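Structural overview for review
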Amino acid sequence: GDQVEQSPSALSLHEGTDSALRCNFTTTMRSVQWFRQNSRGSLISLFYLASGTKENGRLKSAFDSKERRYSTLHIRDAQLEDSGTYFCAAAQQGTGSKLSFGKGAKLTVSP
Amino acid sequence: GGIITQTPKFLIGQEGQKLTLKCQQNFNHDTMYWYRQDSGKGLRLIYYSITENDLQKGDLSEGYDASREKKSSFSLTVTSAQKNEMAVFLCASSMDTEVFFGKGTRLTVV
């Protein structure tokens, strides 16, 4: 079965609003990485976390350091250019950086 | 910084044809990966390689071969293209932490 469960699968926001995406893992993970895929299909790495939280501008990500079974991506003050598909991916303990991907979350930001 | 270059960007093949996709990275990363993405879906791992000449199967290796000719390059072969197959193949590399991706090869089989 799928090791990475991502929710929601689609999300519509108005400019200026906040939201969050979440990934649950069916087993303990070593690290998590969040990506945004643009309209051309390029996967852009947003965050890599082995624990704790990271913030970059209006984006903030957290990885549950205790159980290592979920991660979140918060989007603050959504802008039109945030539209795209967001993927989380996680690596199990003992597998190096071999990532298992969630199915993605399609975010649409409208004026 | 580094870059991952995938060639070709677009590949049109015929049913039954053997097709090869190439990937080069200049990060000097040890590990390289091939993922497949079907329209509207997540990525699935086909093959990966932790060092030159190493090869490890992923979840989707059937129907594919791979070759890690040298540290910087990793190629993927579709052994027999399936009619109406359409997918994007993404190459990636890492040094045991963050994974970086190339821009993909879009495959269409007619």
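For the structure, see preceding data.
Residues numbered from 1 in each chain as written. Chains lettered and ligands numbered in written order. Predicted model: local features only at pLDDT ≥ 70, side-chain atom pairs only at ≥ 80, totals over all residues. Heavy atoms only, no water.

**Some remarks on the state of the cysteines**
All names here are of chain A. Counted under the stated rule, the structure contains two disulfides over all chains. The disulfide bridge from Cys-23 ends at Cys-88, spanning 1.7 Å between sulfur atoms. Residues Cys-23 and Cys-88 share a disulfide whose torsion about the S-S bond is about -95 degrees; that sign makes it left-handed. Remark: Cys-88 occurs in strand β9 (residues 84-92) and Cys-23 occurs in strand β3 (residues 19-25); sequence separation between them is 65 residues. Judged by its relative accessible area of 0%, Cys-88 is buried. (Disulfide = S-S within 2.5 Å. Helix = DSSP H or I, 4+ residues; strand = E, 2+ residues; numbered from the N terminus. Buried < 20%, exposed > 50% of the residue type's maximum accessible area, 1.4 Å probe, protein only.)

**Examining the interface of chain A and chain B**
Put simply, an interface is often sized by how much accessible area is lost when its parts join up. Listed by partner, the interface residues are 18 residues for chain A and 18 residues for chain B. Approximately 1400 Å² of surface area, both sides summed, lies buried where chain A meets chain B, with 51% of it carried by carbon and sulfur atoms. Inspection of the region where chain A meets chain B yields one salt bridge. Asp96(B) is the partner of Arg30(A) in a salt bridge, and the nearest nitrogen-oxygen pair spans 3.1 Å. Counting across the chain A and chain B interface gives eight residue pairs in polar contact (both at pLDDT 80 or more). Counting only elements with at least two residues in the side of chain A that touches chain B, the list comes to β4 (29-37), β5 (43-49) and β10 (99-101) of chain A. (Contact = heavy atoms within 4.5 Å. Buried area = accessible area lost by both parts, 1.4 Å probe. Salt bridge = Lys/Arg side-chain N within 4 Å of Asp/Glu carboxyl O. Polar contact = N/O pair within 3.5 Å; in protein donor to acceptor, adjacent residues only side chain to side chain.)

**Quick word on the nonpolar core**
Nonpolar side chains in soluble globular proteins tend to be buried together. One finds Phe25(A) and Trp34(A) to be the most contacted residues of the largest nonpolar core, which totals 23 residues. Elements represented by at least two residues in this core include exactly β2 (10-14), β3, β4, β5, β7 (59-63), β8 (70-75), β9 and β11 (105-110) of chain A. In terms of nonpolar packing, the next biggest core, distinct from the first, is built from 21 residues, Leu21(B), Trp34(B), Ala66(B) and Ala87(B) among them. (Core = buried A, V, L, I, M, F, W, Y, C linked by side-chain atoms within 4.5 Å.)

**Topic: the sheet that holds strand β1 (residues 4-7) of chain B**
All names here are of chain B. Across the sheet, four strands lie side by side as β1-β3-β8-β7; this open sheet has antiparallel pairing. Unpaired on one side and paired on the other, β1 and β7 (64-70) mark the two borders of the sheet. In this sheet, adjacent strand axes meet at a mean angle of 15 degrees when their direction is disregarded. Both β7 and strand β8 (residues 73-78) contribute to a ladder of five bridges, which runs antiparallel. (Pairing = 2+ DSSP bridges. Axes fitted to C-alpha atoms, helices over the stretch in contact; angles between N-to-C directions.)

**Things to note about the pairing of strand β9 (residues 86-94) of chain B**
Residues and elements named next belong to chain B. Burial within β9 is extensive, with eight of its nine residues counted as buried. Here strand β4 (residues 31-37) pairs with β9 via seven bridges, running antiparallel. Within the sheet, the bridge partner assigned to Gln-37 lies in β9 and is Val-88. As judged from the four bridges shared by β9 and strand β11 (residues 105-109), these two strands associate in the antiparallel manner. Directly across from Val-88, in β11, lies its bridge partner Arg-106. As defined by bridge partners, β9 adjoins strand β10 (residues 99-101) across three bridges and the pair is classed as antiparallel. Across the sheet, the residue bridging to Ala-92 is Phe-101, located in β10.

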